[in-house]
Number of protein chains: 4
Amino acid sequence: MTTHELHPRPEQLVYSFGGHEPALTVAPGDVVRLSTEDCFGGAVRSVDDLPSVVCEFPFLNPVTGPIAVEGAEPGDLLAVHFAEIRPARDWAISSTFPHFGALTTTHTTPMLHEALEERVWVYDVDVEAGTCTFRARTGDFEAVLPLDPFHGTVGVAPAADERLMSITPAAHGGNLDTPEMRAGVTLYLPVNVPGAMLAVGDGHCRQGEGEVCGTAVEAAMETTIVVDVVKGAAPAWPRLESDGFVMSTGSVKPLEDAFRISQHDLVGWTADLTGLDTLDALQLVSQAGLAPTGNVVDTNYTMVAKLAKSVLGNAVAYDGVHERLKAVARSVVGG
Amino acid sequence: MTTHELHPRPEQLVYSFGGHEPALTVAPGDVVRLSTEDCFGGAVRSVDDLPSVVCEFPFLNPVTGPIAVEGAEPGDLLAVHFAEIRPARDWAISSTFPHFGALTTTHTTPMLHEALEERVWVYDVDVEAGTCTFRARTGDFEAVLPLDPFHGTVGVAPAADERLMSITPAAHGGNLDTPEMRAGVTLYLPVNVPGAMLAVGDGHCRQGEGEVCGTAVEAAMETTIVVDVVKGAAPAWPRLESDGFVMSTGSVKPLEDAFRISQHDLVGWTADLTGLDTLDALQLVSQAGLAPTGNVVDTNYTMVAKLAKSVLGNAVAYDGVHERLKAVARSVVGG
Amino acid sequence: MTTHELHPRPEQLVYSFGGHEPALTVAPGDVVRLSTEDCFGGAVRSVDDLPSVVCEFPFLNPVTGPIAVEGAEPGDLLAVHFAEIRPARDWAISSTFPHFGALTTTHTTPMLHEALEERVWVYDVDVEAGTCTFRARTGDFEAVLPLDPFHGTVGVAPAADERLMSITPAAHGGNLDTPEMRAGVTLYLPVNVPGAMLAVGDGHCRQGEGEVCGTAVEAAMETTIVVDVVKGAAPAWPRLESDGFVMSTGSVKPLEDAFRISQHDLVGWTADLTGLDTLDALQLVSQAGLAPTGNVVDTNYTMVAKLAKSVLGNAVAYDGVHERLKAVARSVVGG
Amino acid sequence: MTTHELHPRPEQLVYSFGGHEPALTVAPGDVVRLSTEDCFGGAVRSVDDLPSVVCEFPFLNPVTGPIAVEGAEPGDLLAVHFAEIRPARDWAISSTFPHFGALTTTHTTPMLHEALEERVWVYDVDVEAGTCTFRARTGDFEAVLPLDPFHGTVGVAPAADERLMSITPAAHGGNLDTPEMRAGVTLYLPVNVPGAMLAVGDGHCRQGEGEVCGTAVEAAMETTIVVDVVKGAAPAWPRLESDGFVMSTGSVKPLEDAFRISQHDLVGWTADLTGLDTLDALQLVSQAGLAPTGNVVDTNYTMVAKLAKSVLGNAVAYDGVHERLKAVARSVVGG
């Protein structure tokens, strides 16, 4: 097991999945310590830095990578375990953005209204205390919120030789924007091209489910991952595993279809893990499953279907890769 | 404070919201102990009782009531606190149903496929142990699941003199099918007609979010509620309050519009509770809110937007009605 | 064959389908000459009459009826042939309405924007010339548009003892808002209650597909219909037949589900009319069908699936009821 | 004006928009005679050639090109006039395809059903008679349908350096699958990269609106186009102009958002063409517009918003480029 470092300079960041030369090549089982910039490319630093002024489309939501994983071939599963996700600065940014968000006219749900006000919030981040602090822009209301860092954007090169903006969540992963992607979790992605071409970005100090206003508490991150490959086990859509749960995702519009994809996948996975037939698996998921929202603002919407491993008997996914990677993670970051 | 009993005979059950004479009239602050039948009208008692054979449309999903609340006038808010929701039998039922559910051709998402197999599951219910037990129909897989009883259907007479099937969730409440409607929670409904005309039914021993297969662990219930009226405070859509959270709901299709309604309402409620302006409230909800799915199978889909009261400062909703009703509840059911 | 007159006074208009005593009882094959008021109840008469001021919810979109048809029983088909639809005045109204329309924040697609401007347009109507004239409110632009009168709202009492606002389109008909409902067309509705309880309203001098701004060129109408009953032939959703086309409708959200319902029904109808199996009927509809939009603004959205009878061989629907009613129509209104 | 020939060999066909070297470079005003293969790559030639067997994902829906247009820069408008679209063979193919179509479980609207039967239909094509003939696969039903050839797929390299499968319709054009793209029409596309990089494919002898079964009457085509560039006039979404109509398109899910995009764009275009303010333009579109369905089966759904030029006064779009290209077309193909 080797530990790699990947700390790109600004001009080395990329803005899409697919079509890039690898920034790093690693072996299955290796550890990568990497840095990610925030979704604004670090250009928003005060409430006066309006994103629509200081950022330039399509140079939004940079990702670090891609990382080629040796031996990963189309049809394989890439496992990405998040050992640690640590905010790199003592501040973070959120904002509205013209024509973006769940409760505003957008380019894909266009109304005849003018755009909402563009407003920036700067959060204080205290990693040791585990908090980030919201301060209202009008009045003196404050709320100290728990840090719950995760990566909004993690994905591989898409199938069919596509090249997709980093802001799109889909079958290759990408901008899923689900708070479930936190440290301690293993993400399972399909491999579509040799080497998989993993990239990571869009760190969030925390985010409500749905990412209603369009952005989370956006932050640069120092992150440690462990990667592995399971031959021939490519899932159709990204899956996650934590110590307590298995999770399927779906990213498409409308939101009920994202829900359907995630639940359909979880029913199939449950059947695979338990030997239940499809309808029995459907029944178990129907009564024991959770369905938290990922995002309802990106180019596709994301839903998560989540089932406690405790109801799955002694089932173990992918031959225990989650536990194996967790052990590696412990060896490098403690915990 | 008076305690009423409401235990309808089968022929006294009703199947819609609106247009019924009251089965009981109570005063604000009163307690009602009531019985509800399951969504099958109790007709499904074994795996051989196929719902499509033993039930007859539209006599599905019976509700108990309506209960007229004295002094409730259009524009008022009806508060319904669930003091206790207790399964009435030691078994409960779930099933698939032809052309119903999130992962099957339905009458409103029609495909050219034949209906899925209709299958019934009988759960063992142990109220003292707090469990209900799933048994697969094929093979010997079992899972002991925690009891988490709630009512899928709670509502009042709709606005505009409408009369809606009890299986429809909408602005009047109805078949919201969210597990958040458990004991200890206060539901806030708009009053549309004099007396509000509250009805309750569709008890669930537990349910996964989304109610994917179309039914929960369906059970008759013995339930105790406390009702109250807040003058002139009608919410646009049903809201809930627990000890830890305020929650807004939206029920419509597509699912992203149900999400939008619930989040839009929660943003407005947050602004009201804190004095934040709209965009600051949006920001707080965006970073601190939860968005669990209610149902994705009924005539409207339901989403819940949920915010911890801890991030709202010392805000108190509706002049503390939740705490007041909780105190009454404690006096009658303990806890 | 008897010809009836039905010209309600304002206080006799109704605002919902279901739950009303018949205003008139007729026999199958009878003719009814009836008057309908516009969707504003005639209260908007100049550009200064803002609907949100002069109209009062829920007293919008009045319908004339209901008309009981002798012998119509649940499971039967009610055929309604439009012999003539004639604007009653030399002016008509269109408007925007706060929180209503396809390109604005609404109560069911809520955004954080203020409502769009409420604006009224008065059209000149010239029945003899067959025109209605649009005049811009700002500047002097005019456009003379062809009259194409139809009824936006035609329906029967709903199933399951429901009572629905007249602005809702669904399986019982109602506010379909499709320009296909013009004179010369026969509408086929399911009978849900004895007598069917037909009601008609919401005349439009013309309307673009989708009714984007939320209202058409709204007008009181003098209309002549011929009704008939086909025993046991209730369609699942409203169907229409013109001299050239058979048409199925679907009314639900999201719009793709309205599309699915209408196409699914048309595939089934095509199979019935031709003897084709389902996939062959699907193929024929896929290559020869049209799919014009009805409305994308009401409580349900409406799509129409439309197939030229010329591609159906010599198939005749419902034993030729359209031709029979057309002959009756000719005998009373000429043409 | 130069006339170019572009007749790719099979291995020269491409399957995506973006990231390809130009196959041909032309000047604004030039004519290109080009050949396109059908969506199956010509591999389906009889009812026994099942597409899922003889075709290999992602090598579906090949396009001819890309064609670089000199001087076309990001922000410009590319005008593509279809002078002639002529079926290349005397037969054409349609089929169902597993997990594809509007009335079946798909990868993005997944259900628990098995896929529908995969079935192929072979149409006789008679270009001189202007017909294509449907023959049922079961029974002896036939229907002679009018030829109405068009290209389902026409687009340019996408913005943001994306590379999209040719089966995706979006802002760059692509697989719009609208029958409006017939000979005599001018398509307006945004230019996103130098040279625009136009590609054309997916010829259809005809297609119903919505492409319900997932495929049209698919055929190789011999097509003649004329291209031009309007500086700085890039539309946000593809627009079309025929002799009688201006048309806007929207391609996204859900279908009501595709409708919104197309209508929103048409309202804006109407305002630009007439000088009307936004609400007056909305009113005119609402009463005079058409809204035919494009496709409800692809990775995005497509709606068309269509307005007769007769109601727009003497407005001329883009300084008359449609008329100019039509004149060139006449000079090369007659008509």
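Every chain is numbered independently, its residues counted from 1 as its sequence is written. Naming scheme: in the order in which they are written, chains are lettered from A and ligands are numbered from 1. Since the coordinates come from a predicted model, pLDDT governs what is reported: local features require at least 70, and pairs of side-chain atoms require 80 or more to be given and counted, while whole-chain, interface and lining totals use all residues. Excluded from the side-chain calculation are hydrogens and water; included are all heavy atoms of the structure.

(A) Spotlight on the overall build of chain A. Strands here mean DSSP runs of E at least two residues long; helices mean DSSP runs of H or I at least four residues long; both are numbered from the N terminus. Of regular secondary structure, chain A possesses 4 helices and 21 strands. For the radius of gyration, the atom set is restricted to C-alpha positions; the globular benchmark scales as 2.2 Å times the number of residues to the power 0.38. Taking 335 residues into account, the globule formula puts the C-alpha radius of gyration at 20 Å, and chain A, at 19 Å, falls close to it. With the C-alpha coordinates of chain A rotated into their principal frame, the extents come out at 55 × 45 × 40 Å. Relative accessibility thresholds used throughout: buried, under 20% of the residue-type maximum; exposed, over 50%; partly exposed, between the two (1.4 Å probe, protein chains only). Counting all 335 residues of chain A, 66% fall into the buried class. Here a residue-residue contact requires only that any non-hydrogen atoms of the pair lie within 4.5 Å. Long-range contacts, defined as pairs at least 24 residues apart, comprise 77% of the intrachain contacts of chain A with a sequence gap of at least 6. The Shrake-Rupley method, run with a 1.4 Å probe, gives the accessible areas here. Residue values count only the displayed protein chains as cover. Put simply, chain A shows about 10300 Å² of open surface, and 51% of that area lies on carbon and sulfur atoms. All tallies of charge rest on Lys and Arg as positive and Asp and Glu as negative; His and the ends of each chain are not included. By convention, the charge on Lys lies at NZ, on Arg at CZ, on Asp at CG and on Glu at CD. Each charge sign in chain A was given a centre, from 20 positive and 44 negative side chains, and these centres are 3 Å apart.

(B) Local environment of helix α3 (residues 278–288) of chain A. Of all the 11 residues making up α3 of chain A, 10 are buried; the element is thus mostly covered by neighbouring parts of the structure. Along α3 of chain A, the residues that are buried comprise L279, D280, A281, L282, Q283, L284, V285, S286, Q287 and A288 of chain A. Those residues of α3 of chain A hidden inside the fold are in contact with α2 (255–274) and β21 (301–308) of chain A together with β7 (91–95), β8 (120–126), β9 (131–135) and β10 (142–146) of chain B.

(C) Summary view of the relation of the copies chain B and chain A. Least-squares superposition aligns the copies on the C-alpha atoms of those residues with pLDDT at or above 70 in both. Superposing chain B onto chain A requires a rotation of 180° together with a translation of 0.0 Å along the rotation axis, leaving an RMSD of 0.0 Å. Taken together, the rotation and translation relating the two chain copies correspond to the operation of a two-fold axis. Closest approach to the rotation axis within chain B is made by the C-alpha atom of P292 of chain B, at a distance of 2.4 Å. Residue by residue, 100% of the interface of chain B is reproduced at the interface of chain A, so both copies engage with the same surface.

(D) Expanded view of the state of the cysteines. Only a pair of cysteine sulfur atoms within 2.5 Å counts as a disulfide in this structure description. The final tally for this structure, using the stated rule, is 0 disulfides over all chains. Left unpaired, C39 of chain A is separated from the closest cysteine sulfur, that of C55 of chain A, by 7.4 Å. Of the residues examined, C39 of chain A reaches a relative accessible area of 11% and is grouped as buried. Among the cysteines around C132 of chain C, which has no disulfide bond, C205 of chain C carries the closest sulfur, lying 5.6 Å off. For C132 of chain C, a relative accessible area of 0% corresponds to the buried category.

(E) Up close: the nonpolar core. Residues belong to a common nonpolar core when they are buried Ala, Val, Leu, Ile, Met, Phe, Trp, Tyr or Cys residues joined through side-chain atoms within 4.5 Å. If you look at the biggest cluster of nonpolar residues, it comprises 185 residues, and the most contacted ones within it are F134 and L198 of chain C together with F134 and L198 of chain D. Apart from the residues within four sequence positions on either side, F134 of chain C is in contact with W121, Y123, F141, E142, A143 and L145 of chain C together with L276, D280, Q283 and L284 of chain D. Listed in part, the 183 residues of the second largest apolar core include L77, A219 and V229 of chain A together with V230 of chain B.

(F) The arrangement of the sheet that holds strand β10 (residues 142–146) of chain A in detail. Strands qualify as paired when DSSP identifies two bridges or more between them. Reading across from one edge, β7-β8-β9-β10 (chain A) is the order of the 4 strands in this open sheet, with antiparallel pairing throughout. On the outer flanks of this sheet lie β7 (91–95) and β10 of chain A, each paired with one strand and no other. For this sheet, the mean inter-axis angle between neighbouring strands, taken without regard to orientation, is 25°. Here strand β8 (residues 120–126) of chain A runs beside strand β9 (residues 131–135) of chain A; their pairing, made up of 3 bridges, is antiparallel. Within the sheet, the bridge partner assigned to V125 of chain A lies in β9 of chain A and is C132 of chain A. Against the sheet, helix α3 (residues 278–288) of chain B engages β7, β8, β9 and β10 of chain A, with an angle of about 40° to β8 of chain A. In this description, a line fitted to the C-alpha atoms serves as the axis of each element, helices being fitted only across the stretch in contact, and the angle between N-to-C directions of two axes falls anywhere from 0 to 180 degrees.

(G) The arrangement of the interface of chain B and chain C in detail. Listed as interface residues are 26 residues of chain B and, on the opposing side, 26 residues of chain C. Once two parts are brought into contact, the accessible area they lose, counted with a 1.4 Å probe and summed over both, makes up the buried area. Between chain B and chain C, the buried area comes to about 2400 Å², and carbon and sulfur atoms account for 66% of it. On the chain B side of the contact with chain C, P110, L112 and R163 of chain B bury the most area, a combined 23% of that side's loss. A side-chain nitrogen of Lys or Arg and a carboxyl oxygen of Asp or Glu constitute a salt bridge if their distance falls within 4 Å. Summed over the shared surface of chain B and chain C, the number is 2 salt bridges. Between R163 of chain C and D161 of chain B there is a salt bridge, and its shortest N-O distance comes to 2.5 Å. Any pair of nitrogen or oxygen atoms within 3.5 Å is treated as a polar contact; in protein, a donor-acceptor pairing is required on top of that, and neighbouring residues in sequence qualify only through side-chain atoms on both sides. Linking chain B with chain C are 9 residue pairs in polar contact (both at pLDDT 80 or more), by the criterion used here. Sorting the residues of the side of chain B that touches chain C by element identifies β12 (164–165), α2 (255–274) and α3 of chain B as the ones contributing at least two each.

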